[in-house]
Amino acid sequence: MHSFGYRANALLTFAVTILAFICAIASFSDNFSNQTPSAQIQILNINWFQKQPHGNDEVSLTLNITADLQSLFTWNTKQVFAFVAAEYETSKNSLNQVSLWDAIIPEKEEANFWIQISNKYRFIDQGHNLRGKDFNLTLHWHVMPKTGKMFADKIVMSGYRLPNAYR
Amino acid sequence: MIVTSSLIIWKALICVTGSESPVVVVLSESMEPGFQRGDILFLHMSKDPIRAGEIVVFNIDGRDIPIVHRVIKVHERKNTGEVDVLTKGDNNPGDDRLLYAKGQVWLHRHHIMGRSVGFLPYVGWVTIIMTEKPIIKYILIGALGLLVISSRD
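Residues numbered from 1 in each chain as written. Chains lettered and ligands numbered in written order. Predicted model: local features only at pLDDT ≥ 70, side-chain atom pairs only at ≥ 80, totals over all residues. Heavy atoms only, no water.

A.B. asks: Quick rundown of the overall build of chain A? Include the residues and the values.
C.D. replies: Across its full length, chain A holds 1 helix and 9 strands. When the helices and strands of chain A are read in sequence order from the N terminus, they spell out α-β-β-β-β-β-β-β-β-β. Computed over C-alpha atoms, the radius of gyration of chain A comes to 23 Å, more than 25% over the 15 Å expected from 2.2 N^0.38 for 167 residues, which places it beyond the range of a compact globule. Each principal axis of the C-alpha distribution contributes one length, and for chain A these read about 80 × 35 × 20 Å. Put simply, chain A has 167 residues, and 46% of those count as buried. Put simply, of all contacts in chain A between residues at least 6 apart along the chain, 68% involve residues at least 24 apart. Just so you have it, chain A exposes about 8700 Å², and 57% of that area is on carbon and sulfur atoms. For chain A, the centre of its 14 positive side-chain charges and the centre of its 13 negative side-chain charges are spaced 5 Å apart. (Helix = DSSP H or I, 4+ residues; strand = E, 2+ residues; numbered from the N terminus. Rg over C-alpha atoms; globule rule 2.2 N^0.38 Å. Buried < 20%, exposed > 50% of the residue type's maximum accessible area, 1.4 Å probe, protein only. Contact = heavy atoms within 4.5 Å. Areas by Shrake-Rupley, 256 points an atom, 1.4 Å probe, with all protein chains shown as cover. Lys, Arg positive; Asp, Glu negative; His and termini not counted. Charge placed at Lys NZ, Arg CZ, Asp CG, Glu CD.)

What follows is the structure in structure tokens.
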């Protein structure tokens, strides 16, 4: 009843239970953080806008992205994954989401940034619906914790429009 | 004690998350630095539509190991609600089209087993060690067996 094996087993179970409990509390504490992220995106230039040989539209843009995501970091945050997606509707598709750029932010200090780049991933439509298309640019972020529940949110910025003709 | 409580927790997780395999172990470095080899991911599958940014676990026809990557493109059909999805590992330079089956350009809903909703570091090393060095598995089972036999009093 009080053998070494029995005691070792009880100790191990207890230790694992406490560890799991601590991880759960660490994750739960993330619910209480006050988050006030902000962002702005500007389209500086439409680099080119063409119809591919298969018939799908493709556009290349240069974006200017400013964001302050520092308030998303808690003591239980390992990294924040941020990305900008173009979101629009077409006659065939109720929703299209195309990621244009993403970044991994490992530390709070790097979360207040300004960047000017052309789209990292190709902006290709399913079809040729992009001429004169209104679309939103949404900055999404996914907070990856050191342990526990991941959570995500976004800021939707609307009012962007592609040119009426290819160029 | 530890074995029975692990089994209870496992079965409870299957019920709560509504998924056949509610926990997966991260096996590759394609999602670093967020997910390292040996971490475990808690999965959840709901009827909610698949959206960009979500980390999904999917199976490719013909491969038996599930892949855990992030969705970067979504095209959802108006009439049927069906969805074309493209994924990419955070740490990979290119998207997953090279990993998909020959001729496959998009993933569909039925390929996706679950979304990752939570994460625990390091715990998955037990599974990796036992899979890659089966001798450890035999030693462990042997030791547990000896413990059961010798503690009869």
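The discussion continues.
A.B. asks: Pulling in residues and values, what's your account of the overall build of chain B?
C.D. replies: For chain B, the count of helices and strands is 3 helices and 6 strands. Counted from the first residue to the last, chain B has its helices and strands arranged as α-β-β-β-β-β-β-α-α. Counting across all 153 residues of chain B, residues that qualify as buried make up 39%. Within chain B, contacts between residues separated by at least 24 positions form 53% of all contacts whose residues are at least 6 apart in sequence. A total accessible area of about 8800 Å² is found for chain B, and carbon and sulfur atoms account for 65% of it.

A.B. asks: Tell me about the side chain of serine 99 of chain A, residues and numbers included.
C.D. replies: Positionally, serine 99 of chain A belongs in strand E4 (residues 93-105). Residue classification places serine 99 of chain A among the buried positions, given a relative accessible area of 1%.

A.B. asks: With reference to specific residues and values, describe the domain arrangement of chain B.
C.D. replies: All names here are of chain B. Per the domain assignment, the segments of chain B are domain 1 (1-120) and domain 2 (122-152). In this complex, domain 1 contributes 8 residues to the contact, which on the side of domain 2 involves 7 residues. Interface area lost by domain 1 to domain 2 is led by Val25, Arg37 and Gly38, which between them contribute 62%. Taken together, the connections running from domain 1 to domain 2 amount to 4 residue pairs in polar contact (both at pLDDT 80 or more). Across the side of domain 1 that touches domain 2, the residue classes break down as 5 nonpolar, 1 polar and 2 charged. (Domains from an automatic or database assignment. Buried area = accessible area lost by both parts, 1.4 Å probe. Polar contact = N/O pair within 3.5 Å; in protein donor to acceptor, adjacent residues only side chain to side chain. Nonpolar A, V, L, I, M, F, W, Y, C, P; charged D, E, K, R; others polar.)

A.B. asks: Please provide a residue-by-residue account of a nonpolar patch on the surface, values included.
C.D. replies: Residues and elements named next belong to chain B. A contiguous nonpolar surface patch, about 630 Å² in accessible area, is contributed by Tyr122, Trp125, Ile129, Ile135, Ile136 and Ile139. If you list the elements that add at least two residues to the nonpolar patch, you get helix H2 (125-132) and helix H3 (134-150). By residue number, the principal contributor to the nonpolar patch is H3, which donates 3 residues. Structurally, isoleucine 129 is set in helix H2. (Patch = residues over 30% accessible without salt bridge, like charges linked within 9 Å, V, L, I, M, F, W, Y side chains within 5 Å. Salt bridge = Lys/Arg side-chain N within 4 Å of Asp/Glu carboxyl O.)

A.B. asks: Can you tell me about the domain arrangement of chain A, naming the residues and giving the values?
C.D. replies: Residues and elements named next belong to chain A. Partitioning chain A into structural domains gives domain 1 (1-32) and domain 2 (35-161). Computed from C-alpha coordinates alone, the two centres of domain 1 and domain 2 are separated by 41 Å. Taken together, the contacts link 5 residues of domain 1 with 8 residues of domain 2. Both sides of the domain 1 and domain 2 interface together cover about 540 Å² of buried area, and 47% of this is carbon and sulfur. Taken as a group, Ala26, Ser27 and Asp30 account for 76% of the area that domain 1 buries against domain 2, more than any other trio of residues on that side. On the surface where domain 1 and domain 2 come into contact, there are 0 salt bridges. Our count for the contact surface shared by domain 1 and domain 2 stands at 6 residue pairs in polar contact (both at pLDDT 80 or more). A breakdown of the residues in the side of domain 1 that touches domain 2 according to their chemical character gives 2 nonpolar, 2 polar and 1 charged.

A.B. asks: So, helix H1 (residues 4-29) of chain A: which residues are in play, and what are the values?
C.D. replies: Here H1 of chain A contains 26 residues, and its C-alpha end-to-end distance of 37 Å stays within 8% of the 38 Å for a straight helix at 1.5 Å per residue. Those residues of H1 of chain A that sit buried are Thr13, Cys23, Ala26 and Ser27 of chain A. (Expected span 1.5 Å × (residues − 1).)

A.B. asks: Give a description of the side chain of aspartate 102 of chain A that names residues and reports values.
C.D. replies: Residues and elements named next belong to chain A. Structurally, aspartate 102 can be placed in strand E4. On the accessibility criterion, aspartate 102 (7% relative accessible area) is buried. Engagement of the side chain of aspartate 102 in a polar contact is seen with the side chain of lysine 120, the distance being 2.7 Å. Separated by 2.8 Å, the side chains of aspartate 102 and tyrosine 121 make a polar contact.

A.B. asks: Tell me about the interface of chain A and chain B, residues and numbers included.
C.D. replies: Often, the extent of an interface is quoted as the loss of accessible area on bringing the components together. Facing the 39 residues of chain A at the interface are 34 residues of chain B. With both chains or domains summed, chain A and chain B bury close to 2900 Å², and 56% of this area falls on carbon and sulfur atoms. Viewed at the interface, chain B and chain A are joined by 1 salt bridge. Residues lysine 78 of chain B and glutamate 89 of chain A are paired through a salt bridge, measuring 3.3 Å at the closest nitrogen-oxygen approach. Elements supplying a minimum of two residues to the side of chain A that touches chain B: H1, strand E3 (77-88), E4, strand E7 (134-145) and strand E8 (148-149) of chain A. The pairing of E8 of chain A with strand E6 (residues 112-120) of chain B spans 2 bridges and is classified as antiparallel. Each residue of the ladder has a partner; that of lysine 149 of chain A, found in E6 of chain B, is glycine 118 of chain B. (Pairing = 2+ DSSP bridges.)

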